[in-house]
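Residue-level listing of the chains:
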Amino acid sequence: MLNFCANLSMLFNEVKFIDKFKLASENGFKGIEYLFPYDYSKSDIKDQLSDNNLSQILFDFPAGNFAEGERGIAIFPERKNEFREGVHKAIEYATFLNCERLTVLVGIADGKYTTEQYNETLIENLLYAADQVKNTNITILVEALNTIDAPNYFVSSTSHCKEIIKAVNLQSVKIQYDIYHMQIMEGDIIRTFENNFDKIGHIQIADNPGRNEPGTGELNYKKIFEYLNNSDYAGWIGCEYAPKNNTLESLKWIREYGVMNA
Amino acid sequence: MPKFESNLMYMFNEFDLIDRYEQASLSGFSGVELQSPYSITIDNILDKLDKFNLKHIIINLPVIDPDTGIGNLALRPDKKDLFLERLDLGTKYAKALGCIGINTGIGVYPSGFENDEVYQTLIENQKIASETLSKCGIKALIEPINTVDQPDFYINTSAQAVDLINQIDHPNAFLLYDVYHMQIMEGNLSRNIKKLIDKIGHIQIADNPGRYEPGTGEINYPYIFSLLDEIGYKGWVGCEYKPSTTTIDSLGWIQEYLNNYNEE
C-alpha cells in the first residue's frame, strides 16, 4: 500500500486554508503537504495537524514572491542572504511541525548569470541548508519543474537534478520527483524512478495535460501505483493536482485504485 | 475510433511469417504492417491480402548494409548507390502491395564519418525517397527511435525528426510517431501529437516500459485514442508491440475498438 498525502495548496480550494486539514483527514489522508506555512502561526497549524490526526509531510523553503511569478531564489548570487534567512525560518517551522522534508524551488533563470554561476550558487545554498539540518531528521529536496508552466525555470530535468545532488553529495539532499512535471519534460516515468530510486525522497503526482487528477490524461496511474507498490519506495506521494471539477469528485481514483494506506 | 492494424513482425510469432496474415485477419484486423516483407514474393503476399481481406499499410525500406549487417544505409555517404537500389526494391513492394507509406529507416550513426557528411547524406537520400514515393502516392515516413533500445540511433526525438523533415523540404516527407519510442525519449505525448498532427503520416503503439500491449505500462492509451479521434486523425495505428502473453491473449484491450470498427 502507498502513502498519499493531500497537497493543501491545490486540493480543497473550496474552503479556507486553515479549514483544509479537517477535510483532508475526513477524506482518509494521514498526511498533508503544501507550498508554504509562513502566512500562518506555527501553533495554529500544529493544532490543525493534531486535531485532525495528520502528519506534516512536506513544505517548501521560502521561494521569493510566488504570487508575482517567482519560483525560488536559490540560484541567484545576489540573494544568498535572503535564501539563508528562509532556511532558518523553514527549519523553525519544520522542527515545530515535525516535518521531515523541505523542498527547494531553485528559481527562474533571469539571464543575468551563466549556467555555471547559477549551478554554483544553487550548490552552495544547498550545502548551507544541509549543514543547518545536519542534526535533524529533515531531508532537503530539489524539484525540477516543467518549462511550459514555468518558462526558464532553471532545473527542468531529472538529469540536472542528479547533477546537483551529486555535486552536493550528502544523504540529506535528494530529488523530489514530480511525475506531472517530468512527463511534460522527459517521459519514461517508471524507468526513471527505477534508475534513481535511492536518490528520490518524495513523489508528487498529477495527470498530463491539464494537471488534473489521475485518470484524466495520458498517464496510466493505476499501473504506476502498482509499480510503486511493488517497489521498495517507502516515502510519500503528494497529490498535487488541480481537481477537474471539485476536490471530492477528484478523489474517486484513490478509492477505485484501492492503493492508499488506511 | 482509430483504425488499428497488426505488426506481423511483433505479433503472431506463434506462426510462420506467411501464416500471420491469416491470423491477423482471424483476430479482427483489417490491416497489417511488416518491416521486412522481402523474404516473401509480392504475389504470395497479394494472395494473402486478397484471401483474408487485408490492407498492407506500411513496410520498411530494406536498409541493411551487407558489409556490416547494420540497418543504416540511408546514413552512409559511401553507399548512396546501394541506398537507391534498395529504394527501388522497397518502392516496388510498397506499390504492388498498396501501402500508404514506407518507413524509410534511418539507423545508427555510421562510425568513421563526420556528422555533417552523414546528415547531408540522409537529407539527400530522403529528398529522393520523398520524390520517388510521391509519384506512387506513398508517404515517405521518418521514425525517431529511442536510445534505450537502440543506442546511437541517429534520430531520437520528434523535434529532430521535424528538423529533418524541414530540411528535406518535400510535401511527401512525414513523421512516423511511435508512441512507445516517444514516451521513452520525451513524454508529453498529447501535446506533441496535437502539435505535430499535420506532419504525422503514421502512428505506432506499445506500452512502456516493456514494449508490451496497451494497458501493461505507464501510458493511458484509451485517453490517447480518444485524443486521436478528437483531433481528427484519419490514418492507421500500427500495433507494434511484443505480446506479454500469447498474441491472442494480448488482444483483450483492442476488442472494444475492433468490434466497433467492424460494425461501422
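Structure shown above.
What comes next concerns the included structure.

## Considerations on the overall build of chain B
Moving on, step 1. Within chain B one finds nine helices and eight strands.
Moving on, step 2. Over its C-alpha trace chain B gives a radius of gyration of 18 Å, about what one expects of a compact globule, namely 18 Å for 264 residues.
Moving on, step 3. For chain B, the spread of C-alpha atoms along the principal axes amounts to about 50 × 40 × 30 Å.
Moving on, step 4. Residues counted as buried form 48% of the 264 residues belonging to chain B.
Moving on, step 5. Put simply, 75% of the contacts in chain B that link residues at least 6 apart link residues at least 24 apart.

## Brief notes about the interface of chain A and chain B
Moving on, step 1. If you look at the interface, chain A gives 17 residues, while chain B gives 17 residues.
Moving on, step 2. Of all elements in the fold, only α6 (179–185), α7 (189–195) and α8 (221–230) of chain A reach the threshold of two or more residues within the side of chain A that touches chain B.
Moving on, step 3. By residue class, the composition of the side of chain A that touches chain B is seven nonpolar, five polar and five charged.

## Thoughts on the sheet that holds strand β6 (residues 173–178) of chain A
Residue and element names in this part refer to chain A.
Moving on, step 1. The strand order around the closed barrel formed by eight strands is β1-β2-β3-β4-β5-β6-β7-β8, and the pairing between neighbours is parallel. The mean inter-strand angle of the sheet, taken between neighbouring strand axes irrespective of direction, is 30 degrees.
Moving on, step 2. Here strand β2 (residues 31–33) pairs with strand β3 (residues 55–60) via three bridges, running parallel. Across the sheet, the residue bridging to Gly-31 is Ser-55, located in β3.
Moving on, step 3. Here helix α4 (residues 115–132) sits on the sheet and contacts β4 (101–104), β5 (139–143) and β6; the angle it forms with β5, its principal contact strand, is near 155 degrees.

## Focus on the environment of B:Pro151
Moving on, step 1. In this structure, B:Pro151 sits in the loop between β5 (139–142) and α5 (158–168).
Moving on, step 2. A C-alpha to C-alpha distance of 9.4 Å links B:Pro151 and B:Tyr109, two positions 42 residues apart in sequence.

## Digging into the packing of helix α2 (residues 42–51) of chain B against helix α3 (residues 80–97) of chain B
Residue and element names in this part refer to chain B.
Moving on, step 1. Interaxial distance between α2 and α3 falls to 10 Å at its minimum, and their mutual angle equals 25 degrees. Considering their axes alone, α2 and α3 lie roughly parallel with respect to each other. In terms of crossing hand, the pair formed by α2 and α3 is right-handed. Side by side, α2 and α3 meet where Ile-42, Ile-45, Leu-46 and Leu-49 of the first sit next to Tyr-93, Ala-96 and Leu-97 of the second.
Moving on, step 2. Per-class residue counts for the contact of α2 with α3 are seven nonpolar, no polar and no charged.

## Some words on the pairing of β5(B)
All names here are of chain B.
Moving on, step 1. On β5, burial covers both faces: Lys-139 and Leu-141 on one face and Ala-140 and Ile-142 on the other are all buried.
Moving on, step 2. For strand β4 (residues 101–103) and β5, the ladder comprises three bridges, and the chain directions are parallel. Bridge assignment links Gly-101 to a residue of β5, and that residue is Lys-139.
Moving on, step 3. Taking the sense of rotation as the criterion, the β-α-β connection linking β4, helix α4 (residues 115–134) and β5 turns out right-handed.
Moving on, step 4. Taken together, the three bridges between β5 and strand β6 (residues 173–178) define a ladder with parallel strand orientation. Residue Ala-140 lies in a different strand from β6, and its bridge partner there is Ala-173.
Moving on, step 5. Between the parallel elements β5 and β6, the chain passes through α5 in a crossover that is right-handed.

## A closer look at the environment of A:Gly72
Residues and elements named next belong to chain A.
Moving on, step 1. Tracing the sequence through the fold places Gly-72 in the loop between β3 and α3 (80–97).
Moving on, step 2. C-alpha of Gly-72 to C-alpha of Thr-147: the two residues are 75 residues apart in sequence and 14 Å apart in space.
Moving on, step 3. Not counting residues within four places of it along the chain, the set of residues in contact with Gly-72 comprises Ala-63, Gly-64, Val-104, Leu-105, Val-106 and Gly-107.

## Focus on unusual backbone geometry
Moving on, step 1. The omega torsion of the bond from A:Asn208 to A:Pro209 falls at -5 degrees, within 30 degrees of zero and hence cis.
Moving on, step 2. Counting through the fold element by element, A:Pro209 comes out in the loop between β7 (200–205) and α8.
Moving on, step 3. In the segment running from B:Asn208 into B:Pro209, the intervening peptide bond is cis, with an omega of -5 degrees.
Moving on, step 4. Residue A:Asn53 is not a glycine yet carries a positive backbone phi of 55 degrees.

## What to know about the nonpolar core
Moving on, step 1. By size, the foremost hydrophobic cluster in this structure holds 75 residues, and its most contacted members are A:Ile32, A:Val104, A:Val106, A:Ile140, A:Val142 and A:Ile205.
Moving on, step 2. Discounting residues that sit within four places of it in the chain, A:Val142 has contacts with A:Val104, A:Val106, A:Val155, A:Cys161, A:Ile164, A:Ile165, A:Val173, A:Ile175 and A:Gln176.

## Things to note about the sheet that holds strand β3 (residues 55–60) of chain B
Residues and elements named next belong to chain B.
Moving on, step 1. Strand order in the closed barrel formed by eight strands is β1-β2-β3-β4-β5-β6-β7-β8, and the pairing between neighbours is parallel. The average angle at which neighbouring strand axes cross in this sheet is 30 degrees, direction not considered.
Moving on, step 2. Pairing analysis gives three bridges linking strand β7 (residues 200–205) to strand β8 (residues 236–239), with the strands arranged parallel. Among the inter-strand pairings, Ile-203 is bridged to a residue of β8, identified as Val-237.
Moving on, step 3. On the sheet, α4 packs against β4, β5 and β6 and is oriented at approximately 145 degrees with respect to β5.

Calculation rules
- Residues numbered from 1 in each chain as written.
- Chains lettered and ligands numbered in written order.
- Predicted model: local features only at pLDDT ≥ 70, side-chain atom pairs only at ≥ 80, totals over all residues.
- Helix = DSSP H or I, 4+ residues; strand = E, 2+ residues; numbered from the N terminus.
- Rg over C-alpha atoms; globule rule 2.2 N^0.38 Å.
- Buried ≥ 20, exposed ≤ 12 C-beta atoms within 10 Å, placed from the backbone.
- Contact = placed C-beta atoms within 7 Å.
- Nonpolar A, V, L, I, M, F, W, Y, C, P; charged D, E, K, R; others polar.
- Pairing = 2+ DSSP bridges.
- Axes fitted to C-alpha atoms, helices over the stretch in contact; angles between N-to-C directions.
- Parallel < 35°, antiparallel > 145°, perpendicular 65-115°, else oblique.
- Left-handed = near helix turned anticlockwise from the far one by under 90°.
- Right-handed = clockwise from strand over helix to strand, strands pointing away.
- Core = buried A, V, L, I, M, F, W, Y, C linked by C-beta atoms within 7 Å.

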